[in-house]
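Notes for the structure review
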Amino acid sequence: MYHRTRIRRTRIRLVATVAAAGICALGLTACDSGDSGDTVTDKPKAKASASATTAEKPAAEKPAAEKSGTPDVAKVGDTIALKGLEDGNKLDVTVVKIADPAKSSDEFTTPGSGKRFVGVQFKLVNTGTAAYSDSPANGAKITDVDGQQFESTFADITAGPSMSSAVRLKPGGKALGWIVFEVPKASKTDTIQFAMNSGMANQTGEWKLP
C-alpha cells in the first residue's frame, strides 16, 4: 500500500514540477517581471503586536533592538513574504512548529536505517491577486550544520495532518500542514527553506532552526 501511495505522490510531484516549468516557458514576460536572479531571504515580516508596541513609544525611547520591530533572522514562528514566478503570485509563509524527531503515524512508514523523520509545520497565506496552485512539499528543503540538504519525503506523522500535495488557494486563502524530511540520526538541522512554484521561484525563504 505504501509503495503504491509513494508512486502516486511521486507522479504528483513530477506533474507539479513540469507545470511550474511550463508557467515560465509560456509566460516569459511574467517570469522576468520580478527580481532578476535567485535570492534567498531570511528577513521576517514585522509582527502586528510588535509594530503596535513600538509605535506607542517615542523614537528616542526605543531600544536599538526594537527599532525594526523584527529579529535579524527568521526563526520558528516567524513569517516571510515570498513571490512566485508570475505577477500576482505572493505568499506569507510561516514555519509554525518543528517536530524532531517526528514519529510516523502508522507502522508501515518508517525512516531508513540510521535516519530519522523531522517534521516542519508550515502555514501558507495567499497575499497575492492570483490563485495559488502548487505541491508545497516540492519547494521545501532542510539543511544540517554541515551543509547537507535534504528534500521532503512522503510520510504522515503523529504531530498532525500533512500539508496537501495539491494546494489551491484563492487570494486570502490559507493552508496549514506538516512537511516531513528524512535525515541522518547524527545530523543536526540548521535551516529550513521554502520556495513557491515547486521550488522553481526565484525567491527562497530561509528560517533558522533551534
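Residues numbered from 1 in each chain as written. Predicted model: local features only at pLDDT ≥ 70, side-chain atom pairs only at ≥ 80, totals over all residues. Heavy atoms only, no water.

To continue, consider the confidence of the model for the chain. Across the chain, pLDDT averages 82, with 71% of residues at or above 70. Note that pLDDT drops below 50 for residues 14–35; the model gives that stretch 24 contacts with residues more than four away or on any other chain. Under a pLDDT of 50 for its full length, residues 50–68 has, in the predicted model, eight contacts with residues more than four places off or in other chains. (pLDDT = per-residue confidence, 0-100. Contact = heavy atoms within 4.5 Å.)

Two orientations exist for strands paired in a sheet by backbone hydrogen bonds: parallel and antiparallel. Ordered by their spatial adjacency, nine strands build an open sheet running E1-E11-E10-E6-E7-E9-E4-E3-E2, and the pairing between neighbours is mixed. With one partner strand each, in any of the chains shown, strand E1 (39–41) and strand E2 (79–83) form the two edges of the open sheet. Within the sheet, the average angular offset between the axes of one strand and its neighbour, ignoring direction, is 35°. Two strands pair when backbone bridges link them, and strand E7 (residues 149–153) and strand E9 (residues 174–184) are joined in this way by two bridges, in the antiparallel orientation. Each bridged residue has a counterpart across the sheet, and for serine 152 the counterpart in E9 is phenylalanine 181. (Pairing = 2+ DSSP bridges. Helix = DSSP H or I, 4+ residues; strand = E, 2+ residues; numbered from the N terminus. Axes fitted to C-alpha atoms, helices over the stretch in contact; angles between N-to-C directions.)

Our next topic: the nonpolar core. Ranked by size, the top nonpolar core spans 28 residues in total, and within it Phe122, Leu124, Ile192, Phe194 and Trp207 carry the most contacts. Elements with a minimum of two residues in this core: E2, strand E3 (90–102), strand E4 (115–126), strand E6 (140–144), strand E8 (167–169), E9 and strand E10 (189–195). Discounting residues that sit within four places of it in the chain, tryptophan 207 has contacts with Ala74, Lys75, Asp78, Ile80, Val93, Val95, Phe122, Asp190, Thr191, Ile192, Gln193 and Phe194. (Core = buried A, V, L, I, M, F, W, Y, C linked by side-chain atoms within 4.5 Å. Buried < 20%, exposed > 50% of the residue type's maximum accessible area, 1.4 Å probe, protein only.)

What follows deals with unusual backbone geometry. Following aspartate 100, the chain continues into proline 101 via a peptide bond in cis, with omega recorded as 0°. With respect to the helices and strands, the residue proline 101 is situated in strand E3. In this structure, asparagine 197 takes a positive phi of about 55° despite not being glycine. Its place among the elements puts asparagine 197 in the loop between E10 and strand E11 (203–208). For asparagine 197, a relative accessible area of 6% puts it in the buried group. A positive phi angle is found at serine 198, which is not glycine, with a value near 55°. Within the secondary structure layout, serine 198 lies in the loop between E10 and E11. Note on serine 198: relative accessible area 7%, which makes it buried.

Moving on to the pattern of salt bridges. With the rule as written, the count across this model stands at three salt bridges. In this structure, aspartate 92 engages lysine 45 in a salt bridge whose closest nitrogen and oxygen atoms are separated by 2.8 Å. Here aspartate 92 is found in strand E3, whereas its partner lysine 45 is found in the loop between E1 and helix H3 (48–55), with 47 residues between them in sequence. Among the ionic pairs, lysine 208 bridges to aspartate 190, the shortest N-O distance being 2.4 Å. With lysine 208 in strand E11 and aspartate 190 in strand E10, the pair connects residues that are 18 residues apart, well separated along the chain. Overall, the relative accessible area of 37% leaves lysine 208 in the partly exposed class. (Salt bridge = Lys/Arg side-chain N within 4 Å of Asp/Glu carboxyl O.)

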